[in-house]
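# Architecture at a glance
Chain residues, written in single-letter form:
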Amino acid sequence: MVNVRDSRLLAPRTLPVSNAWLRVFWSRMSTGKHRGLVLSAASLLIAFFVWQLLSTFVFNPFLIPPPVEVIRTAIPMLLSGEILADVSISMTRVLVGFISGSLAGIVLGVLLGRIRILHDLLDPIMELLRYLSPTAMIPIAVIWFGIGEMSKYFLIFWGTFFIVLINTTAGVWRAPVTRQRAAECLGANSLQIFALVVIPSAVPYIVTGMRVAMASSFMSIIPAEILAADSGIGYLLQKSSMLLQTNRIFVALLTICILGFIVDRIFRFLVDRTLTRFMSFVSVT
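The structure reproduced in this document is the subject of the present report. Quick caveat, the model's predicted, so the values are computed rather than measured.

The helix and strand tally for the protein chain stands at 12 helices and zero strands. Mapped in sequence order, the helices and strands of the protein chain form the string α-α-α-α-α-α-α-α-α-α-α-α. In the protein chain, buried positions account for 34% of the 285 residues. Within the protein chain, contacts between residues at least 6 apart in sequence are counted, and of these 72% link residues at least 24 apart. For the protein chain, the computed accessible surface area is about 18000 Å², with 71% contributed by carbon and sulfur atoms.

Written out as structure tokens, the structure reads:
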């Protein structure tokens, strides 16, 4: 005969419902397709928590406003449309300069990578010019184009062009010689070798250069709008700094970070879809 106490000891132990649910949820999140999303959210929460601690206990809240205060300041700016107008203007400038600079860099990079004499002739000039930052080119851009939109386009173009150019040239230059010779042995002509071997080999370099150049575009637009503009995120930074409005300054800084993050994720998504189809087409061809 088993008493009640012994039966309780022999009974299988089960986790509480809440703990079991959390364990199942975490196992699915850690192994499923949502793992990256969960880790990204956790990373952002940790960053905001550290920001809150630093602004509360380490630094003066006026110098580094806490995230809650920054969000509270951003809400009226969003509702009034002030920040959205600046974002649309800055994004238009970034996209125009980035696209034009990328296209020019890809075209010239392919030419420099395929034509040796052209590479030897222009490479020293490009190596000299690429050390001039967009900030250093602001005075000459204002003199050449004034304070209108062309000066902003030029500065972003300048910050994009050389990065894409160098990566494209390196990608074309380092296309595997064995693949080119194998295609030639199979009867491919120069145009087919270029289109089906050289360009696909250079695409990863080009994409990497464009991602780096995109960050450079966002970094180029801010000094351009600070010194020669009456609208945009850079102008918002300048106006807020003149009035010592650190909360609005952090709203502008946070807006730049969020915009860059979103644009980069969209770019990666489009590249993954397009590159997969392109590579499958090349392999079939």
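Evaluated as defined, the whole model comprises eight salt bridges. Residue R93 is joined to E225 by a salt bridge in which the shortest nitrogen-to-oxygen separation is 2.7 Å. Of this pair, R93 sits in helix 5 (residues 82-114) while E225 sits in helix 10 (residues 190-227), and the two are 132 residues apart along the sequence. Since its relative accessible area comes to 2%, R93 is described here as buried. Put simply, R130 and E127 hold a salt bridge, and the shortest N to O gap is 2.8 Å.

Moving on, we get to unusual backbone geometry. A positive phi angle, close to 60°, is found at L244, a residue other than glycine. Summarising the element assignment, L244 is placed in the loop between helix 11 (233-242) and helix 12 (246-284). In this structure L244 comes out as exposed when scored by relative accessible area, which is 58%.

Quick look at the nonpolar core now. Nonpolar side chains in soluble globular proteins generally cluster together in the buried interior. Of all hydrophobic cores here, the largest spans 40 residues; its most connected members are I83, F218 and I233. The set of elements that each furnish at least two residues to this core consists of helix 4 (67-80), helix 5, helix 8 (149-173), helix 10, helix 11 and helix 12. Beyond its immediate chain neighbours, meaning those up to four positions away, I83 contacts M77, L78, I233, L236, V251 and T255.

A contiguous nonpolar patch, built from I46, F49, V50, L53, L54, F57, V58 and F59 and spanning about 790 Å² of accessible area, is present on the exposed surface. As for its position among the elements, V50 is in helix 3 (residues 35-58).

What follows covers the environment of N247. Take N247: it is sitting in helix 12. Spatially, the C-alpha atom of N247 lies 8.7 Å from that of A74, the residues being 173 residues apart in sequence. With residues up to four places along the chain from it excluded, the contact list for N247 reads P65, E69 and T73.

Cut-offs applied
Residues numbered from 1 in each chain as written. Predicted model: local features only at pLDDT ≥ 70, side-chain atom pairs only at ≥ 80, totals over all residues. Heavy atoms only, no water. Helix = DSSP H or I, 4+ residues; strand = E, 2+ residues; numbered from the N terminus. Buried < 20%, exposed > 50% of the residue type's maximum accessible area, 1.4 Å probe, protein only. Contact = heavy atoms within 4.5 Å. Areas by Shrake-Rupley, 256 points an atom, 1.4 Å probe, with all protein chains shown as cover. Salt bridge = Lys/Arg side-chain N within 4 Å of Asp/Glu carboxyl O. Core = buried A, V, L, I, M, F, W, Y, C linked by side-chain atoms within 4.5 Å. Patch = residues over 30% accessible without salt bridge, like charges linked within 9 Å, V, L, I, M, F, W, Y side chains within 5 Å.

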